[in-house]
Amino acid sequence: MSHFRNQLNLDFSGVSMKNQNISQKEKTENKMLKKITKHNFKFKNKIENDCEVIKQLVSELQPDEILNLISKEFDSPNIVLSFVNQIERLFVATWAITPAGIDALVKIASNEIIKECWIILDKTHSYKWIFQSDAYKILRGKVKIKFLANHSKFICFQLSSGEMVNFVGSMNFSRNPRFENITIDKTQSNFEFYRDFIKNIGGEIV
């Protein structure tokens, strides 16, 4: 049976502009997903190595200890990825975010135990990018995003075991090719301080 045609089919009854619009919307949203996929492929080994380093640092840290680092050994989104299946509550503050940070938020928001996921971003730097890059469309309904004049940077989370871990320092929620100062602790009062700051500070929530 031949599948070739020698005549034009002029019946357009099955053509829908709505379907074309949906396809274009999906095409636009896939831009960020392609960037994330490219990042994960390119840095696969580094992500795995970072996670091992981060998990070891946290496991060796005693509840009454504070660890001060100046390091460029790991990227900050990999802090979240290290505990992606254990985090119940996550609070992130950053000035800048990149596809690496978006990917970490998508993965954490997709786990089955997450109860809260918040991030604050700088309105003057990140506001335009978060919409133009389609990152907002990917995170919408999964992560509470708050915009304000912000330059604070921290990643604080509570695990399903009840343990609370705080990473506070100079790193943005992005790949960190530079030396960053980082303080790590497991203090509940510090966790609650940063959590309450994110939830109570005035800003535009999207």
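Residues numbered from 1 in each chain as written. Predicted model: local features only at pLDDT ≥ 70, side-chain atom pairs only at ≥ 80, totals over all residues. Heavy atoms only, no water.

Novice: Help me out: how do you make sense of the sheet that holds strand β5 (residues 154-159) in this one?
Specialist: One key point about sheets: their strands pair by backbone hydrogen bonds, in either a parallel or an antiparallel sense. Ordered in space as β1-β7-β6-β5-β2-β3-β4-β8, the 8 strands form an open sheet in which the pairing is mixed. A single partner strand is all that each edge strand has here, and the edge strands are β1 (66-71) and β8 (204-205). With 6 bridges connecting them, strand β2 (residues 87-93) and β5 associate as antiparallel partners. If you follow Phe-91 over to β5, its bridge partner there is Cys-156. On top of the sheet, helix α2 (residues 44-60) reaches β1, β6 (164-169) and β7 (180-185); it is set at about 115 degrees to β6, its chief contact. (Pairing = 2+ DSSP bridges. Helix = DSSP H or I, 4+ residues; strand = E, 2+ residues; numbered from the N terminus. Contact = heavy atoms within 4.5 Å. Axes fitted to C-alpha atoms, helices over the stretch in contact; angles between N-to-C directions.)

Novice: Is there a simple way to explain the pattern of salt bridges in this structure?
Specialist: If charged atoms from side chains of opposite charge come close, those side chains can pair. If you walk through the whole model with that rule in mind, you get 12 salt bridges. For Glu-52, the salt bridge identified is with Lys-55, shortest N-O distance 3.6 Å. Placement of the pair is Glu-52 and Lys-55 together in helix α2, with a separation of 3 residues, close to one helical turn. Judged by its relative accessible area of 33%, Lys-55 falls in the partly exposed class. Lys-123 is paired through a salt bridge with Glu-204; the nearest N and O atoms lie 3.1 Å apart. Here Glu-204 lies in strand β8 and Lys-123 lies in the loop between β3 (116-122) and α5 (127-132), a separation of 81 residues in the sequence. Taking the relative accessible area as the measure of exposure, Lys-123 reaches 40% and is therefore partly exposed. In the salt-bridge network here, residues are joined through shared partners; they are Glu-88, Arg-89, Lys-115, Glu-116 and Lys-199. (Salt bridge = Lys/Arg side-chain N within 4 Å of Asp/Glu carboxyl O. Buried < 20%, exposed > 50% of the residue type's maximum accessible area, 1.4 Å probe, protein only.)

Novice: Looking at this structure, I do not really get the side chain of Lys-186. What am I missing?
Specialist: Tracing the sequence through the fold places Lys-186 in the loop between β7 and α7 (188-200). Its relative accessible area of 14% is what places Lys-186 among the buried residues. There is a polar contact of 2.9 Å between the side chain of Lys-186 and the backbone oxygen of Leu-61. Here Glu-163 takes part through its side chain, which lies 3.0 Å from a polar atom of the side chain of Lys-186. What Lys-186 contacts, discounting residues up to four positions off in sequence, is Val-58, Leu-61, Pro-63, Glu-163, Met-164, Val-165 and Asn-166. (Polar contact = N/O pair within 3.5 Å; in protein donor to acceptor, adjacent residues only side chain to side chain.)

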